[in-house]
There are 4 protein chains.
Amino acid sequence: MKQPLTEEKVFKDPVHNYIHVQDTIIWRLINTKEFQRLRRIRQLGTSYLTFHGAEHSRFSHSLGVYEITRRIISQFERSGYKDWMPEESLLTLCAALLHDLGHGPFSHSIEEAFEMNHEDWTCRIILEDTEITAILRDVAEDFPGKVASVISKTYEHEIVVNLVSGPLDADRMDYLLRDAYYTGVNYGTIDIDRILRMLRPYHGRVVVKESGMHAIEDYLMSRYQMYWQVYFHPVTRSSEIILRQIFRRAKELYQSGYEFRFMIDPLGDLFRGEVTVEQYLLLDEAMIQTAFMQWTLEKDELLSDLCSRFIHRKLYKYVEMENLDSETIDEIRRSFAVAGLDADYDLEIDFPTDLPYDVFRPGQGFDSKQILLLDRHDKLREISEVSDIVRSISGIHRGRYHLYFPQDKLQKALPMLPSSIAEIFAK
Amino acid sequence: MKQPLTEEKVFKDPVHNYIHVQDTIIWRLINTKEFQRLRRIRQLGTSYLTFHGAEHSRFSHSLGVYEITRRIISQFERSGYKDWMPEESLLTLCAALLHDLGHGPFSHSIEEAFEMNHEDWTCRIILEDTEITAILRDVAEDFPGKVASVISKTYEHEIVVNLVSGPLDADRMDYLLRDAYYTGVNYGTIDIDRILRMLRPYHGRVVVKESGMHAIEDYLMSRYQMYWQVYFHPVTRSSEIILRQIFRRAKELYQSGYEFRFMIDPLGDLFRGEVTVEQYLLLDEAMIQTAFMQWTLEKDELLSDLCSRFIHRKLYKYVEMENLDSETIDEIRRSFAVAGLDADYDLEIDFPTDLPYDVFRPGQGFDSKQILLLDRHDKLREISEVSDIVRSISGIHRGRYHLYFPQDKLQKALPMLPSSIAEIFAK
Amino acid sequence: MKQPLTEEKVFKDPVHNYIHVQDTIIWRLINTKEFQRLRRIRQLGTSYLTFHGAEHSRFSHSLGVYEITRRIISQFERSGYKDWMPEESLLTLCAALLHDLGHGPFSHSIEEAFEMNHEDWTCRIILEDTEITAILRDVAEDFPGKVASVISKTYEHEIVVNLVSGPLDADRMDYLLRDAYYTGVNYGTIDIDRILRMLRPYHGRVVVKESGMHAIEDYLMSRYQMYWQVYFHPVTRSSEIILRQIFRRAKELYQSGYEFRFMIDPLGDLFRGEVTVEQYLLLDEAMIQTAFMQWTLEKDELLSDLCSRFIHRKLYKYVEMENLDSETIDEIRRSFAVAGLDADYDLEIDFPTDLPYDVFRPGQGFDSKQILLLDRHDKLREISEVSDIVRSISGIHRGRYHLYFPQDKLQKALPMLPSSIAEIFAK
Amino acid sequence: MKQPLTEEKVFKDPVHNYIHVQDTIIWRLINTKEFQRLRRIRQLGTSYLTFHGAEHSRFSHSLGVYEITRRIISQFERSGYKDWMPEESLLTLCAALLHDLGHGPFSHSIEEAFEMNHEDWTCRIILEDTEITAILRDVAEDFPGKVASVISKTYEHEIVVNLVSGPLDADRMDYLLRDAYYTGVNYGTIDIDRILRMLRPYHGRVVVKESGMHAIEDYLMSRYQMYWQVYFHPVTRSSEIILRQIFRRAKELYQSGYEFRFMIDPLGDLFRGEVTVEQYLLLDEAMIQTAFMQWTLEKDELLSDLCSRFIHRKLYKYVEMENLDSETIDEIRRSFAVAGLDADYDLEIDFPTDLPYDVFRPGQGFDSKQILLLDRHDKLREISEVSDIVRSISGIHRGRYHLYFPQDKLQKALPMLPSSIAEIFAK
């Protein structure tokens with residue numbers, strides 16, 4: 001099924017040094033316009049507003065995920081592990097390469113604003129008659145369907161799904177390394193060579209040789225640190241909030257018949273919730289930024305102000321609170337309204353939370369989210385049973401409330417707020 | 001004149017680890033919309049189409065140039081060198097930070113296409129009533145003028161100009177390191193700590209302590225390698241050629257009264273050559289990419305084809321030739337026309353050339369482009385007098401002719417070309 | 001009190017890039033024979049038998065500790081923190097540089113074998129008329145005494161002691177970074193620039209600005225990983241056990257009047273426990289290795305066998321056990337004796353344990369081993385009160401029993417051991 | 001012929017990340033006492049006295065050379081190049097691993113002092129009944145002979161010799177990378193992955209695919225810089241001079257019947273030039289340093305002074321001269337004698353010189369020292385024909401005269417030297 005290139009092609013990559021392409025199908029997939037579109041979508045959305053180095057694209061990340069998967073499979077095959085099926089390797093590589101194909105511009109925010117899901121889009125792009133579909137069909141008529149089923153986690157051979165999206169998948173390994181590299185934050189540096197050497201195909205899933213436990217501990221710790229240092233950084237959250245508010249406001253205006261000074265296809269259809277695959281593929285961050293830039297000149301003040309904030313990076317400020325009950329929240333909103341603030345747009349409450357690792361619960365079977373260690377007697381144990389450190393961190397949620405608001409407006413309204421509320425926002 | 005921040009601010013930077021901001025003026029300049037615009041302009045233009053990691057912006061680079069300058073000045077002041085004037089430090093830092101402010105989207109190509117110059121735009125943005133101008137005026141009424149004169153190399157104190165644009169300036173040091181980091185090509189790794197330690201202010205210019213000679217040799221070699229490996233990479237040249245062709249075609253169409261399906265302000269004014277500072281600041285790579293994406297749907301086939309090539313990365317192929325005389329060129333163009341190809345758009349000839357280092361010519365005084373070594377007897381010598389390796393490489397131009405063309409069209413026309421011409425393009 | 005060099009000297013260092021020496025006293029101390037002796041003592045003892053790259057010396061480490069201390073102090077002075085006393089800087093730097101001066105060859109093992117303490121030797125070398133003493137006296141008559149008191153933690157100004165030996169001291173930061181670099185294990189990579197920027201002198205100790213908490217979490221995790229991955233590696237423990245057995249056997253033989261084929265001054269005095277400072281300074285790892293090499297030819301078979309094992313790296317094997325009660329231990333020893341094994345030399349039981357971090361106990365005051373965070377209201381809190389992750393790991397001891405034994409001898413004795421014992425050692 | 005291990009073993013290595021051992025023979029060779037002895041011999045001799053980090057051993061380097069060779073061969077076999085003979089791979093790996101086996105302590109100096117050659121010793125250790133010999137004989141009776149013939153460059157298949165000692169051999173690649181890593185000098189960083197990918201077996205030698213030319217240019221430049229920055233560093237040369245003087249003096253004394261306070265086997269035999277393989281294997285740097293340390297107490301003042309200088313790092317100073325004719329040298333020596341200095345020991349003249357690369361001479365065939373590029377038409381060209389930069393540097397020798405002397409003695413004799421001579425040495 002594989003169609004080896006006469007000569008291997010490489011991409012120079014700062015994270016993996018070289019990305020090696022050995023199969024014609026992979027090479028052709030990379031050169032489709034659907035895959036090239038990922039160059040125009042940043043891997044970390046608005047994080048570049050916090051970490052200026054984080055300007056890398058989903059294109060780079062997708063190549064990285066492919067490369068890690070290639071290395072895992074190549075090690076499985078070199079070692080001749082009997083629980084691996086070599087005939088699944090092209091499928092696995094294609095799914096790894098394409099798994100992020102459906103991401104839209106500023107993905108997480110746009111998904112929230114328009115109730116979409118990038119996984120669905122990935123499957124549609126793979127299945128609905130694109131350049132990608134045509135290439136995959138060259139492998140076999142049912143190959144696009146197989147690739148899509150791996151991505152939607154329904155493919156019959158669990159180990160393929162596990163490699164592409166499991167607790168130790170190539171996706172996570174690449175993004176930890178890549179995001180650490182581009183942000184400059186060194187918490188994400190994991191010993192990927194060691195982790196890869198310790199992976200074993202075993203009874204339909206990927207497990208870890210017990211002696212690799214420390215490398216996994218380190219990986220989970222890196223993941224933990226990257227979440228709190230980078231992914232949940234309050235400045236990034238602030239820019240995401242503004243982004244969602246822009247989408248919300250523009251949709252409200254559109255639905256109310258507001259006449260936009262600037263509109264571009266397919267934004268209208270997006271607001272109406274009727275986007276085809278062909279239209280979706282026109283969406284990229286360049287278009288969103290261009291629309292926002294033009295909207296800084298709109299007559300709707302709220303939209304224009306939000307777009308200025310985003311484009312010129314005049315973000316919302318925030319205060320952090322350890323506790324915040326719903327009564328207090330209501331009280332704040334009420335006071336905001338009284339003081340002439342917009343209780344909808346001038347206050348956003350955020351409670352980031354993350355589960356570093358989901359442990360085994362006694363009495364239940366192993367879960368696809370768990371990392372299993374394989375000891376020398378071929379016995380499987382969930383890692384938190386063996387590692388003190390994983391057990392220690394696995395319950396940590398660590399969320400705190402963050403209140404985001406436009407500092408200039410709030411400053412003016414401050415005298416009109418009750419003192420108990422005012423002091424929350426006073427620096 | 002300096003206005004220290006109460007607490008130093010830092011930016012996390014993958015290249016310099018941290019960028020340290022200690023002065024209120026610098027902090028305010030960074031937060032202007034004119035400086036934030038640099039986030040939307042890539043440092044290496046289209047190089048990301050060759051090196052997928054090279055997606056970094058001029059914003060990152062400008063912070064880096066500022067940081068290196070800050071370190072040089074801080075070392076000058078700590079060591080109490082008498083040839084440095086501490087009262088010039090804020091001016092030098094501002095000029096270092098702002099020196100790339102006027103770059104447009106895909107700068108080199110747009111400058112060629114529209115006969116503009118980013119240095120002029122930098123000066124205009126500094127002088128013509130922007131947020132930048134206002135902040136600089138807070139230092140002194142004539143301060144914007146001083147900053148602009150450093151950038152246009154007319155400022156009275158040569159050493160300030162020398163730090164911002166000399167043969168060993170902060171600009172070059174940052175871009176070698178940064179472009180190496182983001183492309184993943186490790187030829188650009190220079191020992192910047194050692195170079196910085198070896199710099200001395202001396203009689204109005206920056207010179208190098210003789211014992212730093214090897215670090216300079218290494219720096220010039222890195223520069224040489226980066227030019228030929230990265231900046232002149234034929235795939236990058238190919239994408240720049242297409243970019244220029246798009247601008248050329250769109251301008252032709254505009255001037256001939258063609259009705260664009262999609263047009264956006266201020267592209268029209270750009271085609272007419274009448275852009276104000278305010279309009280110029282609206283230009284960014286997002287807008288250019290968005291226009292190109294929309295133009296893939298234009299009815300003018302040439303424009304639509306060129307835009308598709310650029311957006312979907314179906315670039316021109318190339319052949320390399322050691323020699324190529326003008327007669328042959330004419331013959332190729334003639335044959336192309338005969339064979340139904342467009343002799344203007346379907347063939348571009350490129351001859352990249354670079355002078356790694358411009359040596360001292362006996363009988364002439366020292367030149368501002370030369371690197372001077374200061375020996376322990378306080379005698380100055382131009383580096384190629386002392387370094388065999390610099391002397392050896394300084395005459396190397398190394399250009400070769402590259403012919404770029406659309407492979408699909410050429411393939412079809414091949415039977416109609418004379419065999420002597422055809423075999424040039426046959427793989 | 002400081003005597004600045006006319007020109008700063010530097011040492012090229014792989015970990016800190018450059019070590020900067022700015023004071024004549026420091027420069028002269030480095031060039032004494034007592035300090036140069038540290039080149040002949042490895043930083044990690046026998047770890048190079050496990051990690052072949054770990055061949056670095058205490059000389060390198062001592063320069064590194066000096067450099068980190070210099071950077072901390074320089075930041076304190078640049079920021080003008082009022083809780084730091086600039087007049088203590090030379091003292092702090094000297095103590096940092098010299099703190100490991102008294103380490104003997106294979107320090108931990110020799111200390112255990114001969115009941116010595118390197119800190120005492122450091123103080124004696126500083127105080128008892130060496131080249132070091134003479135240079136320190138050039139500062140002030142009581143300066144050697146002051147330096148020694150910082151090292152023995154009795155100096156009146158606690159902050160100086162805290163910088164040289166506290167929970168976040170320059171010693172630990174250098175060894176984590178350096179040992180990670182030389183072993184190649186990347187768990188030790190900490191963000192030292194950030195940690196240094198976050199340190200504050202405060203009421204007689206060094207505390208951490210609250211926003212530096214994550215960098216500290218990462219530092220404690222690195223420390224945890226380095227202990228279990230490197231410092232407690234069972235192969236290293238095995239070599240240390242053999243080393244101690246050699247010392248023990250040689251001492252027994254010496255005391256029993258055995259005539260050594262090879263003996264070298266001052267080993268005899270060491271066995272008698274009567275070593276002067278002058279003699280102690282003759283001791284280095286070259287001498288110990290040379291003695292061991294010669295002793296491989298001794299007629300005492302036990303000594304000769306142990307020395308061969310150490311020199312040719314034929315170490316003891318080990319088995320790991322989660323639990324081991326004293327009854328089982330007694331039973332194993334008895335069975336060993338019955339089977340003709342030497343219950344003293346042919347079995348060593350090791351239980352490595354480490355406390356990653358010692359938390360604050362309510363009701364007690366802050367302890368010198370605790371890391372304190374300083375919030376923006378100038379309130380101090382012990383880090384585990386704030387950090388979930390530190391609290392989670394601080395109780396983890398993680399020890400397991402390791403039984404070390406000579407595989408070849410045990411193999412022969414196996415049939416003579418009761419099966420319950422034999423199966424412990426059967427692979 | 002290969003005997004694969006049931007499970008691959010790895011060594012953690014800071015330079016190559018992991019060293020992979022897949023064959024039982026390699027594993028057993030590493031564990032011999034002859035190979036373990038390389039742990040006690042530094043890779044860079046006395047360079048650690050200049051670059052304190054350079055304390056790495058020939059053991060580490062030998063593993064590195066093995067690993068690079070393994071990667072080259074593995075790429076050759078994976079790509080199925082027909083000019084490679086897979087049946088030679090174990091031989092090549094063994095020769096790569098063992099090529100430095102015969103190095104003595106402070107190898108270059110001891111070889112010069114006693115007219116020995118490490119390559120001869122390597123062959124003797126391989127052939128004369130050591131643990132190594134026994135293991136190699138397990139492969140085949142004539143296998144030790146084959147390994148020795150590869151090392152002495154007489155093996156029939158030139159490509160095997162070429163891999164182990166050619167202009168682009170694994171030896172050079174490892175030492176550039178490793179010495180750069182341990183000294184901290186970053187000039188040695190070469191893109192080894194790219195170089196390895198570009199190597200091709202071709203008609204009995206290893207050549208480079210033309211598109212790898214820049215990586216080779218960079219490699220040759222790194223080599224050039226490492227020679228002048230590290231290997232020829234005057235402080236290192238100074239320590240080597242003292243080392244040779246010690247050996248010379250000790251031999252003179254020994255031959256004149258001087259009674260040494262301390263002597264150790266086999267130094268006496270070494271002085272007499274009668275050392276067996278068994279004795280040679282006792283020699284290591286620990287023994288040499290121990291002897292020197294003891295000799296600091298000898299009654300022969302010259303020997304004792306030289307040993308003190310070496311052990312306590314009180315090296316000779318030097319002056320550098322661009323030109324120095326033999327008449328001046330004679331005059332200096334005469335004046336030294338007149339002024340009471342020892343014209344033999346108190347002055348050493350050194351003229352380091354190196355040929356960065358030996359180009360092709362027209363009219364001659366290709367030389368085994370040349371690097372050949374293979375173009376896409378399978379034509380070979382010597383690299384300097386194609387690369388301007390290689391041609392430019394290949395004639396550079398760059399030597400300067402260095403005069404080494406004991407500063408204290410010279411200072412006293414200065415008034416007695418003629419002023420023309422005195423001013424050479426006056427600082």
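The shown structure was predicted, so the numbers you read here are calculated from the model rather than taken from an experiment. (Residues numbered from 1 in each chain as written. Chains lettered and ligands numbered in written order. Predicted model: local features only at pLDDT ≥ 70, side-chain atom pairs only at ≥ 80, totals over all residues. Heavy atoms only, no water.)

Quick look at the overall build of chain A now. Broken down by element type, chain A carries 22 helices and nine strands. Taking 22 Å as the expected radius of gyration for a compact globule of 427 residues, we find that chain A reaches 24 Å, a close match to that expectation. Principal-axis analysis of the C-alpha atoms gives chain A an extent of 75 × 50 × 35 Å. Burial statistics for chain A: of 427 residues in total, 64% are counted as buried. Residue pairs in contact within chain A that sit at least 24 positions apart in sequence constitute 70% of those at least 6 positions apart. If you sum the accessible surface of chain A, you get close to 16,000 Å²; carbon and sulfur atoms cover 47% of it. (Helix = DSSP H or I, 4+ residues; strand = E, 2+ residues; numbered from the N terminus. Rg over C-alpha atoms; globule rule 2.2 N^0.38 Å. Buried < 20%, exposed > 50% of the residue type's maximum accessible area, 1.4 Å probe, protein only. Contact = heavy atoms within 4.5 Å. Areas by Shrake-Rupley, 256 points an atom, 1.4 Å probe, with all protein chains shown as cover.)

Let us now look at the interface of chain A and chain B. Taken residue by residue, the interface counts 44 residues in chain A and 44 residues in chain B. For the pair chain A and chain B, the two sides together bury roughly 3,700 Å², of which 55% comes from carbon and sulfur. Counting the surface chain A buries against chain B, the share from its top three residues, Arg39(A), His52(A) and Glu55(A), is 19%. Taken together, the links from chain A to chain B amount to two salt bridges. Here Lys314(A) makes a salt bridge to Glu131(B), at a shortest N to O gap of 3.6 Å. At the boundary of chain A and chain B, one finds 20 residue pairs in polar contact (both at pLDDT 80 or more). When contributions to the side of chain A that touches chain B are tallied by element, the ones reaching two or more residues are strand 1 (4-13), helix 2 (33-36), helix 3 (58-79), helix 10 (170-183) and helix 16 (285-295) of chain A. Taken together, the residues of the side of chain A that touches chain B break down into 19 nonpolar, 14 polar and eleven charged. (Buried area = accessible area lost by both parts, 1.4 Å probe. Salt bridge = Lys/Arg side-chain N within 4 Å of Asp/Glu carboxyl O. Polar contact = N/O pair within 3.5 Å; in protein donor to acceptor, adjacent residues only side chain to side chain. Nonpolar A, V, L, I, M, F, W, Y, C, P; charged D, E, K, R; others polar.)

Next up on the list: a negative patch on the surface. Taken together, the side chains of Asp325(A), Glu327(A), Asp330(A) and Glu331(A) define an acidic patch exposed on the protein surface. Relative to the helices and strands, Glu327(A) is located in helix 18 (residues 326-338). (Patch = residues over 30% accessible without salt bridge, like charges linked within 9 Å, V, L, I, M, F, W, Y side chains within 5 Å. Lys, Arg positive; Asp, Glu negative; His and termini not counted. Charge placed at Lys NZ, Arg CZ, Asp CG, Glu CD.)

Residues and elements named next belong to chain A. Spatially, the four strands line up as an open sheet ordered 3-4-7-8, and their pairing is mixed. With partners counted over all chains shown, the strands left at the sheet margins are strand 3 (199-202) and strand 8 (380-382), one partner each. Mean inter-strand twist for the sheet, computed between neighbouring axes without regard to direction, equals 45°. Pairing of strand 4 (residues 205-209) with strand 7 (residues 372-374), which is carried by two bridges, proceeds in the parallel orientation. The residue bridging Lys209 from the neighbouring strand is Leu374, located in strand 7. (Pairing = 2+ DSSP bridges. Axes fitted to C-alpha atoms, helices over the stretch in contact; angles between N-to-C directions.)

Attention now goes to the relation of the copies chain A and chain B. Note on the identical chains: chain A maps onto chain B by a rotation of 180° and an axial translation of 0.0 Å, with an RMSD of 0.0 Å. Both copies of the chain, as the preceding transformation shows, are related through a two-fold rotation axis. Of the C-alpha atoms belonging to chain A, the one lying closest to the rotation axis is found on Ala286(A), 2.0 Å away. Of all interface residues in chain A, 100% are interface residues in chain B too; the two copies therefore contact each other through one and the same surface. (Least-squares fit on C-alpha atoms with pLDDT ≥ 70 in both.)

It is worth spelling out the pairing of strand 4 (residues 205-209) of chain D at this point. Residue and element names in this part refer to chain D. Most of strand 4 sits out of view: four of its five residues are buried. Summarising the sheet, strand 3 (residues 199-202) and strand 4 pair through four bridges and their orientation is antiparallel. Counted as the bridge partner of Tyr202 is Arg205 from strand 4. Hairpin connection between strand 3 and strand 4: a loop of two residues separates the two successive antiparallel strands, and His203 in this loop has a positive phi of roughly 45°.

With numbering matched to this structure, UniProt assigns "domain: HD/PDEase" (unreviewed entry) to residues 54-185 of chain A. Counted over residues 54-185 of chain A, helix gives 67% and strand 0%. Its end C-alpha atoms are 10 Å apart. (UniProt positions renumbered as here; feature names shortened; annotations may be inferred.)

Let us look at the relation of the copies chain A and chain D. Taken as rigid bodies, chain A and chain D are interconverted by a rotation of 180° and an axial shift of 0.1 Å, the fit giving an RMSD of 0.0 Å. An overlap of 100% is found between the interface residues of chain A and their copies at the interface of chain D, pointing to a shared contact surface.

With that settled, the discussion passes to the packing of helix 6 (residues 118-127) of chain C against helix 8 (residues 143-151) of chain C. All names here are of chain C. As a packed pair, helix 6 and helix 8 sit with axes 9 Å apart at the nearest point and diverge in direction by 170°. Classed by the angle they form, the pair helix 6 and helix 8 counts as roughly antiparallel. For the pair helix 6 and helix 8, the contacting residues are Glu119, Thr122, Cys123, Ile126 and Leu127 in the first and Pro144, Gly145, Val147, Ala148 and Ile151 in the second. Per-class residue counts for the contact of helix 6 with helix 8 are seven nonpolar, two polar and one charged. (Parallel < 35°, antiparallel > 145°, perpendicular 65-115°, else oblique.)

Another point: the pattern of salt bridges. Residue and element names in this part refer to chain D. Applying the stated criterion across every chain, the model contains 130 salt bridges over all chains. In this structure, the salt-bridge partner of Lys153 is Glu119, at a minimum N-O distance of 3.9 Å. A residue pair is termed long-range when its members are at least 10 positions apart, and Lys153 in the loop between helix 8 (143-151) and helix 9 (158-164) and Glu119 in helix 6 (residues 118-127) qualify at 34 residues. Residue classification places Glu119 among the partly exposed residues on the basis of a relative accessible area of 27%. One salt bridge in this structure joins Asp300 and Arg249, with 2.9 Å as the shortest N-O distance. One end of the pair, Asp300, is in the loop between helix 16 (285-295) and helix 17 (301-311); the other, Arg249, is in helix 13 (residues 234-255), and 51 residues separate them in sequence. We note that Asp300, like Arg249, is buried.

Bringing the interface of chain A and chain D into the picture now. Contacts between chain A and chain D engage 13 residues on the former and 13 residues on the latter. Surface buried jointly by chain A and chain D totals about 940 Å² across both partners, of which 34% is contributed by carbon and sulfur atoms. Ranking the residues of chain A by area buried against chain D places Glu7(A), Tyr18(A) and Arg197(A) at the top, with a combined share of 47%. Put simply, chain A and chain D have eight salt bridges between them. One salt bridge in this structure joins Glu7(A) and Lys209(D), with 3.0 Å as the shortest N-O distance. Connecting chain A to chain D are seven residue pairs in polar contact (both at pLDDT 80 or more). Elements supplying a minimum of two residues to the side of chain A that touches chain D: strand 1, strand 2 (17-23) and helix 11 (192-198) of chain A. Among the residues making up the side of chain A that touches chain D, the classes are represented as two nonpolar, two polar and nine charged.

This paragraph deals with the packing of aromatic side chains. For the coordinates displayed, the defined rule picks out 96 aromatic pairs over all chains. Seen in terms of ring centroids, Phe35(B) and Phe59(B) are 5.3 Å apart; in terms of plane orientation they differ by 55°. Their pairing is tilted. With Phe35(B) in helix 2 (residues 33-36) and Phe59(B) in helix 3 (residues 58-79), this residue pair connects regions lying 24 residues apart in the sequence. As far as the burial class goes, Phe35(B) and Phe59(B) line up, both buried. Judged by centre distance (5.9 Å) and plane angle (45°), the rings of Phe11(D) and Trp27(D) are tilted. (Phe/Tyr/Trp six-rings, centres within 6.5 Å; stacked < 30°, edge-to-face > 60°.)

Each α-helix turn comprises 3.6 residues. Residues three or four places apart therefore point the same way. Across its 14 residues, helix 10 (residues 170-183) of chain D extends 20 Å between first and last C-alpha, which sits within 8% of the 20 Å expected from 1.5 Å per residue. With its phi angle positive at about 90°, Gly184(D) sits one or two positions after the end of helix 10 of chain D. (Expected span 1.5 Å × (residues − 1).)

A few words now on the confidence of the model for chain A. Summarising the model, chain A shows a mean pLDDT of 92, and 96% of its residues fall at 70 or more. Reported for the predicted complex are a pTM of 0.94 and an ipTM of 0.94. (pLDDT = per-residue confidence, 0-100.)

With that settled, the discussion passes to the sheet that holds strand 9 (residues 401-405) of chain D. All names here are of chain D. Read from one edge of the open sheet, three strands run 5-9-6, paired in antiparallel fashion. Only two strands of the sheet have a single partner each, and these edge strands are strand 5 (317-321) and strand 6 (348-350). Strand-to-strand twist in this sheet, taken as the mean axis angle between neighbours without regard to direction, amounts to 25°. Two elements, strand 5 and strand 9, share five bridges in a ladder whose sense is antiparallel. Paired with Glu320 across the strands is His402, a residue of strand 9. Running over the sheet, helix 13 touches strand 5, strand 6 and strand 9 and is turned about 55° from strand 9.

Within soluble globular proteins, side chains that are nonpolar generally end up buried alongside one another. Phe292(A), Trp295(A), Phe292(B), Trp295(B), Phe292(C), Trp295(C) and Trp295(D) are the most contacted members of the largest nonpolar core, which has 528 residues in total. When residues no more than four places from it in sequence are discounted, the contact partners of Trp295(A) are Ile246(A), Ala250(A), Phe260(A), Phe262(A), Met263(A), Leu267(A), Phe271(A), Leu303(A), Ser304(A) and Cys307(A). (Core = buried A, V, L, I, M, F, W, Y, C linked by side-chain atoms within 4.5 Å.)

Glancing now at the side chain of Ser239(D). Within the secondary structure, Ser239(D) is located in helix 13. In this structure Ser239(D) touches Thr46(D), Leu49(D), Phe310(D) and Leu315(D), once residues within four positions along its chain are discounted.

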